[in-house]
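# Coordinate analysis (summary)
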Amino acid sequence: MTRTRAISGGAIVALLAVAVALPYIGATSYVISLVSTILIAGMLASSLNFLIGDAGMASLGHGAIAAASAYGAGWASKQGLDPGTQVLIALGITLVVSFMYGILSMRTSGIYFLMVTLALGMVVYGLAFRWSQVTGGENGISGIKRPEFIGEWWTFYYFLVGAFVLTTALLAVVSRSPFGASLRGIRDSETRMRSLGYSVPAYRLGAFMISGTVAGFAGLLSVWLTHFVSPSTAGVHKSVLLIVMVILGGVGTVFGPLIGAAVVVLVENVLSNEVERWPTVLGLIFILVILFARAGIVGSFNKLIGRLKRRATSTPSPPAEAELVTPSGAPVSERNHTA
Amino acid sequence: MSATVPGPQGSGAGAPALVISGLGKRYGGVQAVDEISLELGPNERIGVIGPNGAGKTTLFKMIAGDVAPTTGTVELFGNDVTRTGTARRARMGVGRTFQVSNLFRDMSVIDNVRVAARGGSSKARIFWWPQMPTDDVSQRAGEALESVGLIDRRDDQVSDLSHGEQRQLEIAMALASEPKLLLLDEPAAGLSAAERTTLRQLIEELPRTLPILLIEHDMTLALGLTDRVMCMENGRHVVTGTPDEVREHETVKEIYLGRRDKK
Ligand SMILES: Nc1ncnc2c1ncn2[C@@H]1O[C@H](COP(=O)(O)OP(=O)(O)O)[C@@H](O)[C@H]1O
Ligand SMILES: [Mg+2]
């Protein structure tokens with residue numbers, strides 16, 4: 001326990017130190033923008049990871065929630081509204097869209113949930129395309145400004161790092177809360193939860209609102225990073241890539257989504273300069289992970305640590321203590337948050 | 001009819017916990033449950049026996065709210081709940097176990113019971129603060145585990161429990177929700193003789209003020225633990241009476257000792 005804690009704690013500090021140090025060690029603006037993209041994608045993937053890992057709800061339209069928020073901010077910016085209003089509009093749209101998703105999907109699960117969220121994502125995409133007076137149609141909206149206080153590239157970068165740490169911590173708290181435990185109960189057995197007195201749809205709606213809010217926040221940040229939003233941000237492929245990130249990194253782990261996002265963003269941006277068909281490369285990586293590290297990169301790493309730790313504790317300790325650990329093997333489930 | 005047979009513990013100590021009248025369920029061509037009526041007094045324990053396919057589980061599901069009846073009504077603590085959903089009935093005080101263990105497999109034993117102990121109360125909606133290992137919910141969960149003898153396994157994953165332990169956890173979860181009416185669906189299913197004895201003691205030691213409806217295929221267990229017994233066959237009522245009356249009943253003898261499957 002303590003050693004796993006120490007390892008994940010160390011990893012967090014190291015990652016944070018690197019993120020903070022980047023501008024000082026002379027990272028080029030290209031590197032900074034790449035890391036920024038990873039942070040935003042990681043935040044978005046984290047919001048989906050919460051929904052999949054804790055509530056067992058794999059949304060196929062999550063990218064569109066971020067896109068709707070981005071469009072809200074973009075439209076507000078184009079109307080010349082001040083940044084505060086811009087944020088409020090993005091937040092309002094996020095809440096409304098998340099609520100629509102939640103209300104329409106809360107009585108479904110499995111494949112039906114997938115279909116409902118997919119359809120809703122396509123509605124957002126369709127609106128982005130067709131409602132051109134507001135969305136700019138195919139061309140989207142460009143020249144979107146971010147607030148003054150994070151106008152500089154480095155202030156915005158640190159703002160992003162802070163926002164990522166904050167949302168990750170918030171999601172981790174929710175996941176460890178009684179509400180998080182209730183969601184895992186629903187994930188594992190809806191019938192049992194009902195017979196215990198839980199109004200399952202209300203909990204699903206709550207989970208969607210929390211996840212959607214984080215996704216919308218990520219959408220706002222992305223529009224502040226790129227100053228641009230177009231229908232492709234709401235496309236189904238974006239939502240699929242989010243699921244790929246979550247699975248690559250490890251469903252239900254705290255840092256899996258970030259690692260998954262890093263792999264996807266790096267393959268998409270760096271490799272695409274060298275290799276023509278980057279989706280093929282990504283597909284290959286995905287297949288390898290599924291075949292050899294089913295719990296994802298972070299999830300499998302946690303499992304490995306857990307196994308090493310158990311071997312270390314069970315051999316030298318006296319039989320009484322060893323018995324506590326060995327008979328069941330007490331494996332750390334990949335879905336229980338460990339790192 | 002059966003409602004007029006008072007249990008040994010006597011009625012009159014308040015409203016009955018459960019009244020079902022003319023309850024029936026039809027699945028296509030199968031009449032799974034046919035016109036069953038029963039009254040469970042506030043301190044009473046009733047057993048429901050019958051061969052496989054008799055309709056016991058279906059009857060249970062209609063009482064718990066999982067299945068809508070095609071005929072008849074269900075009353076809990078004096079309220080008609082025929083159209084009330086499962087979660088609401090649970091919050092009214094119905095606790096139940098499942099014939100096939102229905103647990104949160106990817107959670108620890110104690111977390112299973114914690115979720116049960118919170119029920120659908122506002123405590124289960126707290127999302128801004130981690131689960132506390134020392135709060136009243138955890139304490140109640142620990143007590144429930146203690147009472148079924150699972151406290152040593154509190155931090156293990158459910159998937160690591162033996163079948164018998166999973167059956168015990170089923171009961172611990174029902175108890176942790178502090179029910180006012182306990183429905184047990186074949187709690188002894190698949191248990192060894194030793195485990196059956198433990199289970200029997202556990203049920204015997206439950207407070208007498210907790211009304212229990214116990215489905216049990218095993219006649220000895222059902223008759224030994226209850227004040228009254230109802231026997232069903234093919235969805236229909238066969239007899240309701242004291243354990244002795246039911247044991248001596250001709251049709252019951254025929255069902256359990258005669259032509260069909262004995263166990
Ligand atoms: N969901 C269902 N759909 C169709 N038939 C069912 C269903 N559930 C139970 N039955 C039928 O109803 C009858 C009673 O089943 P059940 O209540 O499970 O009996 P018991 O618990 O006494 O073994 C059986 O014939 C069974 O096949
Ligand atoms: Mg049954």
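No experiment lies behind these values; they were computed from the predicted model shown. Note on numbering: residues in each chain are counted from 1, in written sequence order. Chain A is the first chain written and ligand 1 is the first ligand written, with later ones labelled in order. Residue-level local features of this predicted model are given only where pLDDT is at least 70; pairs of side-chain atoms are given and counted only at 80 or more, and the full residue set underlies all totals for whole chains, interfaces and linings. Excluding hydrogens and water, the side-chain figures rest on all heavy atoms present in the structure.

## Comments concerning the overall build of chain B
- When you go through chain B residue by residue, the secondary structure sums to nine helices and 10 strands.
- Based on C-alpha atoms, the radius of gyration is set beside the globule rule, defined as 2.2 Å times the residue count to the power 0.38. Relative to a compact globule of 263 residues, whose C-alpha radius of gyration would be 18 Å, chain B shows 18 Å and is just as compact.
- The principal-axis extents of the C-alpha atoms in chain B amount to approximately 55 × 40 × 40 Å.
- Note on exposure labels: buried denotes an accessible area under 20% of the residue type's maximum, exposed denotes more than 50%, and partly exposed covers the range between, all computed with a 1.4 Å probe on protein chains only. Counting only residues that meet the buried cut, chain B has 55% of its 263 residues in that class.
- Working note: accessible area of chain B is about 11100 Å², and carbon and sulfur atoms make up 51% of it. A helix here means a DSSP run of H or I that spans at least four residues, while a strand means a run of E at least two residues long, and both kinds are numbered starting from the N terminus. The protein chains shown are the only cover counted for residues, whose accessible areas, like all others here, come from Shrake-Rupley with a 1.4 Å probe.

## Points about the sheet that holds strand β3 (residues 45-49) of chain B
All names here are of chain B.
- What makes two strands pair is DSSP finding at least two bridges between them. Strands sit in the order β6-β7-β8-β3-β9-β10 across an open sheet of six strands; the sheet is mixed. Because the sheet does not close on itself, it has two edges, and the strands there are β6 (94-96) and β10 (236-241). For this sheet, the mean inter-axis angle between neighbouring strands, taken without regard to orientation, is 15°.
- By the bridge criterion, four bridges tie β3 to strand β8 (residues 212-215) in an arrangement that is parallel. Paired with Val48 across the two strands is Ile215, which belongs to β8. For helices, the fitted axis covers only the stretch in contact; all axes are lines through C-alpha atoms, and the angles between them, taken along N-to-C directions, range from 0 to 180 degrees.

## Observations concerning the environment of Ala163 of chain A
- Within the secondary structure, Ala163 of chain A is located in helix α7 (residues 153-176).
- Each C-alpha atom, one on Ala163 of chain A and one on Leu196 of chain A, is 37 Å from the other, the two residues being 33 residues apart in sequence.

## Section: the interface of chain A and chain B
- Pairs of residues are marked as contacts when any of their non-hydrogen atoms sit within 4.5 Å. Across the contact, 30 residues belong to chain A and 35 residues belong to chain B.
- Buried area: the accessible surface (1.4 Å probe) lost by two parts on joining, summed over both. Both sides together, the interface formed by chain A and chain B hides about 2700 Å², and carbon and sulfur atoms give 55% of it.
- Whenever Lys or Arg places a side-chain nitrogen within 4 Å of a carboxyl oxygen from Asp or Glu, that contact is recorded as a salt bridge. The interface formed by chain A and chain B contains one salt bridge.
- A salt bridge links Glu170 of chain B to Arg192 of chain A, with the nearest nitrogen and oxygen atoms 2.6 Å apart.

## Quick word on the pattern of salt bridges
- Evaluation of the coordinates by the stated rule reveals 18 salt bridges over all chains.
- Notably, a salt bridge pairs Glu44 of chain B with Arg228 of chain B, separated by 2.5 Å at the nearest N-O pair. In this pair, Glu44 of chain B is assigned in the loop between β2 (30-40) and β3 and Arg228 of chain B in strand β9 (residues 228-233), connecting sequence segments 184 residues apart. The same class applies to Glu44 of chain B as to Arg228 of chain B, namely buried.
- Asp227 of chain B serves as the salt-bridge partner of Arg208 of chain B, at 3.0 Å between the closest nitrogen and oxygen. Placement of the pair is Arg208 of chain B in the loop between α6 (193-204) and β8 and Asp227 of chain B in the loop between α7 (219-225) and β9, with a sequence separation of 19 residues.
- On the basis of relative accessibility, which here comes to 34%, the residue Arg208 of chain B falls in the partly exposed class.
- Asp227 of chain B gets classed as buried once you look at its relative accessible area, which sits at 9%.
- Through salt bridges with shared partners, a single network forms among Glu190, Arg194 and Arg204 of chain A.

## Considerations on the pairing of β8 of chain B
All names here are of chain B.
- Side chains Ile212 and Leu214 of β8 all project onto a buried face; the interleaved residues Leu213 and Ile215 project onto the opposite face, where all are buried too.
- Bridge count for strand β7 (residues 181-185) against β8 is four bridges, and the pairing is parallel. Looking at the pairing, Leu184 lines up with Leu214 of β8.
- When the strands point away from the viewer, a crossover counts as right-handed if the route from the first strand across the helix to the second turns clockwise. Crossover connection from β7 via α6 to parallel β8: handedness right-handed.

## A closer look at the site of ligand 1
Residue and element names in this part refer to chain B.
- Neighbouring residues are identified by heavy atoms, a residue being near a molecule or strand if any of them is within 4 Å of it. Surveying the vicinity of ligand 1 reveals the residues Tyr27, Val30, Ala32, Pro51, Asn52, Gly53, Ala54, Gly55, Lys56, Thr57 and Thr58.
- Here an oxygen atom of ligand 1 and a backbone polar atom of Lys56 are 2.8 Å apart.
- Think of a polar contact as two N or O atoms within 3.5 Å of one another; within protein, one of them needs to be a possible hydrogen donor and the other a possible acceptor, and neighboring residues in sequence only count if both atoms come from side chains. Between ligand 1 and Thr57, the relevant distance is 2.7 Å, taken from an oxygen atom to a side-chain nitrogen or oxygen of the residue.
- The element best represented in the shell around ligand 1 is helix α1 (residues 56-64), accounting for three residues.

## A few points about the packing of helix α2 (residues 29-53) of chain A against helix α10 (residues 200-226) of chain A
All names here are of chain A.
- Contact geometry for α2 and α10: axes closest at 8 Å, N-to-C directions at 170°. Taken together, the axes of α2 and α10 are roughly antiparallel relative to one another. Considering only the axes of α2 and α10, their crossing is left-handed. The segment α2 lies against α10, with Ser33, Ser36, Thr37, Ile40, Met43, Leu44, Ser47, Leu48, Phe50 and Leu51 engaging Ala207, Phe208, Ile210, Ser211, Val214, Ala215, Phe217, Ala218, Leu221, Ser222 and Leu225.
- Under the scheme applied, nonpolar residues are Ala, Val, Leu, Ile, Met, Phe, Trp, Tyr, Cys and Pro; charged residues are Asp, Glu, Lys and Arg; polar residues are all the others, including Gly. In the contact of α2 with α10, the residues fall into 15 nonpolar, six polar and no charged. Note that the term roughly parallel is reserved for angles under 35 degrees, roughly antiparallel for angles over 145, roughly perpendicular for angles of 65 to 115, and oblique for everything else. Put simply, a crossing is left-handed when the front helix is turned counterclockwise from the back one by less than a right angle, and right-handed when it is turned clockwise.

## What about the packing of aromatic side chains?
- Aromatic pairs are defined between Phe, Tyr and Trp rings, using the six-membered ring for Trp, whenever the two ring centres lie within 6.5 Å; interplanar angles under 30 degrees are classed as stacked, those over 60 as edge-to-face, and all others as tilted. Tallied over the full model, the rule gives 10 aromatic pairs over all chains.
- Ring plane angle 20° and centroid distance 5.8 Å describe the contact between Phe179 of chain A and Tyr203 of chain A, whose orientation is recorded as stacked. With Phe179 of chain A in helix α8 (residues 178-188) and Tyr203 of chain A in helix α10, this residue pair connects regions lying 24 residues apart in the sequence.
- Phe179 of chain A gets classed as buried once you look at its relative accessible area, which sits at 5%.
- An aromatic cluster is defined as three or more aromatic residues linked by ring pairs; in this entry it consists of Phe179, Tyr198 and Tyr203 of chain A together with Phe127 and Trp128 of chain B.
- Above the face of the Phe98 of chain B ring, Arg96 of chain B is positioned so that its terminal group lies 4.0 Å from the ring centre.
- Whether a charge sits over a ring comes down to the Lys NZ or Arg CZ being within 6 Å of the ring centre and within 35 degrees of the ring normal. Positioned above the aromatic ring of Phe77 of chain B, the side-chain terminus of Lys180 of chain B is 5.8 Å from the ring centre.

## Concerning a nonpolar patch on the surface
- On the surface, Val96, Phe99, Met100, Ile103 and Leu104 of chain A cluster together into a nonpolar patch covering about 440 Å² of accessible area.
- Mapped onto the fold, Met100 of chain A is located in helix α4 (residues 83-105). Note that patches include only residues with greater than 30% relative accessible area and no salt bridge, and the join distances are 9 Å for like charges and 5 Å for nonpolar side chains (Val, Leu, Ile, Met, Phe, Trp, Tyr).

## Observations regarding the coordination of the magnesium ion (ligand 2)
Residues and elements named next belong to chain B.
- A 2.8 Å cut-off from the metal defines N, O and S donors, relaxed to 3.2 Å for Na, K and Ca; water is not in the atom list, so some sites may appear incomplete. Those donors, Thr57 (OG1) and Gln99 (OE1), are the protein atoms that reach the magnesium ion (ligand 2), and they lie 2.0 to 2.2 Å from it. Here Thr57, found in helix α1, pairs with Gln99, found in the loop between β6 and α3 (109-118); they are 42 residues apart in sequence, far enough to count as distant.
- Owing to a relative accessible area of 29%, Gln99 belongs among the partly exposed residues under this scheme.

## Side note on the sheet that holds strand β5 (residues 79-80) of chain B
All names here are of chain B.
- Taken in spatial order, the four strands of this open sheet run β2-β1-β4-β5, and their pairing is antiparallel. Of all the strands in the sheet, the pair left with one neighbour each is β2 and β5.
- Sheet strands touched by α1: β1 (18-27), β2 and β4 (71-76). Its angle to β1, the strand with the most contacts, is close to 120°.

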